[in-house]
Amino acid sequence: MDLRRVLFAAAPPVAAAVIGGLGSREAPTTYARLDKPSWAPPAQAFGPAWSVLYATIGAAGWRMYPRVSRTTRLLHLAQLTANGAWPVVFFGVQDKRASLAVIATLDALVAAELWSLRRTDPESAAILVPYAAWIFFATALNAAVSDPGA
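All values derive from a computational prediction rather than experimental measurement.

Novice: How should I be thinking about the environment of R73 in this particular structure?
Specialist: Looking at the secondary structure, you find R73 in helix α4 (residues 70–93). Residue R73 is classed as partly exposed on the basis of its relative accessible area of 22%. In this structure the C-alpha to C-alpha distance between R73 and L117, which are 44 residues apart in sequence, comes to 9.8 Å. What R73 contacts, discounting residues up to four positions off in sequence, is F8, Y65 and V68. A distance of 3.2 Å separates a polar side-chain atom of R73 from the backbone oxygen of Y65.

So this is what it looks like as structure tokens:
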């Protein structure tokens, strides 16, 4: 078994999940207090959704590792870095503008990764499409919420 491949598939999504989890310790309180649009999911939806998404990100990382360029692997790592940073900024720092900048960066990095994967590993790109859809939805939600206490 290729240890580098295992590490590439597992360590980055686990790190993003751990950092994001630590950064979102205040999420239940913060999310409950926000003025949300009618299409906002209930708080209970986020944990299961992210568990599935991180597993699919790991599966895509496993598939892509031996097939793609260094640039594509770096995009994968960069988007997971932004992924881990967003909850820290949104829930920890509670700065909506900064969190929008982080999530817009995440959107751009995931789009660039999908674009890069489209020819070299379209199966990995397909695995990441639900993740891309979720973060684009999260971007819209981030933009739509307001904090009445701020």
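Novice: When you look at helix α3 (residues 46–64) in this model, what are you seeing that I'm missing?
Specialist: Helical periodicity: at 3.6 residues per turn, an α-helix aligns residues three or four positions apart in one direction. When the terminal C-alpha atoms of α3 are compared, their 26 Å separation across 19 residues agrees well with the 27 Å that a helix rising 1.5 Å per residue should span. For α3, the complete set of buried residues consists of A49, L53, Y54, I57, G58, A60, G61 and M64. Along its buried surface, α3 packs onto α1 (3–23), α4, α5 (96–120) and α6 (122–144).

About the thresholds
Residues numbered from 1 in each chain as written. Predicted model: local features only at pLDDT ≥ 70, side-chain atom pairs only at ≥ 80, totals over all residues. Heavy atoms only, no water. Helix = DSSP H or I, 4+ residues; strand = E, 2+ residues; numbered from the N terminus. Buried < 20%, exposed > 50% of the residue type's maximum accessible area, 1.4 Å probe, protein only. Contact = heavy atoms within 4.5 Å. Polar contact = N/O pair within 3.5 Å; in protein donor to acceptor, adjacent residues only side chain to side chain. Expected span 1.5 Å × (residues − 1).

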